[in-house]
Amino acid sequence: MRNVVLTFLSLFALFFTFSPSNALAYDSISEQEKNKIVQEALKIIEKRYTSLLPQNSEENVEIQIKNTKSQLRLENIIKRDQDYINKLGASYKKIEILNVDDIQINQVNETIKLSLKVEVAKYYQYKNKKQMEEHPWLETRTHEFIFTSSENKRSKLYALVDYKFEDEMDYTSEQASNSNLPPIEEMNRQQVIEATNDISIMSTQHLYNRSGARSYAYNWYNKNNPDFRVFSNNCTNFISQAINRGGGVNMDWWGDLRWWYQGNQNTTSWSVAHDYVYYARRNNDAGGLGAYYISNVKDLKIGSLVGYDFDNDGYFDHLSIVVNYDSNGEPLTAQHTPSDYNRPWKSVNSLAKHYFIQTNDYWYSN
């Protein structure tokens, strides 16, 4: 059974039509050798995704790596991905590789390092549904390989030594949060004034463009807008951009609570998950966009947010933005770090505490 769609000829035509975005860096590697290395990597990626699909008994999709730790890491990643979809009560039906980009090859003696970015559409189906989901889960990940090469009488041989797949959300290196902010439960106990028509009569009301925020998320979910710097954990920076550039919400420059980006400087509310939620829930000034918690995830609107506390320490570690709904009415989200679009909100981290953050329909300016 072959439900991973991977057309080597068309992909290679894409790879080697060079442009600044997908140029290859390599030392002393012939064109023929380069093609063979990339082809070997694509076969490994195909096997990785094939392993997520229901298997025929005769099909063998194991990926053998010489490095035992790397082999265990890969097996854990595959298992975690399968667990995500199982906990949704669904199963993968087709996985399609859409695009391969940012190919980098470097060779030092017999060691060859290859890095490439792959965009994948994962089609899934709930066990109580007859049809696959209308909106496939799009993910973009960086795959890194280390091969060793050796020669026999006919050609060069390549052995896989290490394979890394960008899958974890590393929030430990996010720009430092404001340590003076209270944890989530304390924030909940504090009185919150939501942004409403109580704002000064001199203020002008503006509609939050929810579809515009969704469009921005789609256009930039798998790449970075050059107008903004990129953080090692880029989730909140991405959310702020979607609300500001896509949703048409002005930055908030004044008052005790602020939300802005300029040049290489910004408020922590722009780029840090916990700080953003603290800001949005208390925003009743002219500028920015207010928000409030709701209890039913299915009531979240397009352009609203899901917050995650990964280690249950009372602080938000991650935010994603609602962009669609699945056939069960559950929100599908977009995010950075890692890059996803139409990702089921539950699959981000099933062990985390979740919070449903409804953004206001309007923001205000003086």
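Residues numbered from 1 in each chain as written. Predicted model: local features only at pLDDT ≥ 70, side-chain atom pairs only at ≥ 80, totals over all residues. Heavy atoms only, no water.

Draft legend 1. Examining the overall build of the protein chain more closely. Helix and strand content of the protein chain: eight helices and 15 strands. When the 366 residues of the protein chain are sorted by exposure, 52% land in the buried category. Within the protein chain, residue pairs in contact and separated by at least 24 positions form 68% of the contacts whose partners lie at least 6 positions apart. Per element, the accessible surface of the protein chain, about 17,400 Å² overall, is 47% carbon and sulfur. (Helix = DSSP H or I, 4+ residues; strand = E, 2+ residues; numbered from the N terminus. Buried < 20%, exposed > 50% of the residue type's maximum accessible area, 1.4 Å probe, protein only. Contact = heavy atoms within 4.5 Å. Areas by Shrake-Rupley, 256 points an atom, 1.4 Å probe, with all protein chains shown as cover.)

Draft legend 2. Structural view of the environment of Arg-229. Mapping Arg-229 onto the fold places it in the loop between α5 (210-220) and α6 (235-246). The class of Arg-229 is partly exposed, set by a relative accessible area of 31%. C-alpha separation for the pair Arg-229 and Asn-264, spaced 35 residues apart in sequence, amounts to 6.7 Å. At a separation of 3.4 Å, a polar atom in the side chain of Arg-229 contacts the main-chain carbonyl oxygen of Asn-264. (Polar contact = N/O pair within 3.5 Å; in protein donor to acceptor, adjacent residues only side chain to side chain.)

Draft legend 3. Representation of α5 in the model. Listed as buried for α5 are Arg-210, Gly-212, Ala-213, Tyr-216 and Ala-217. One face of α5 carries all of its buried residues, which in axial projection span an arc of 160°. (Arc of directions from axis to C-beta.)

Draft legend 4. Quick look at the pattern of salt bridges. Summed over all chains, the structure comprises 13 salt bridges. Salt-bridge contacts for Glu-31 lead to Lys-34; the nearest nitrogen and oxygen are separated by 2.8 Å. Here the residue Glu-31 and the residue Lys-34 both occupy positions in helix α2 (residues 31-50), the gap between them amounting to three residues, near one helical turn. On the accessibility criterion, Lys-34 (0% relative accessible area) is buried. (Salt bridge = Lys/Arg side-chain N within 4 Å of Asp/Glu carboxyl O.)

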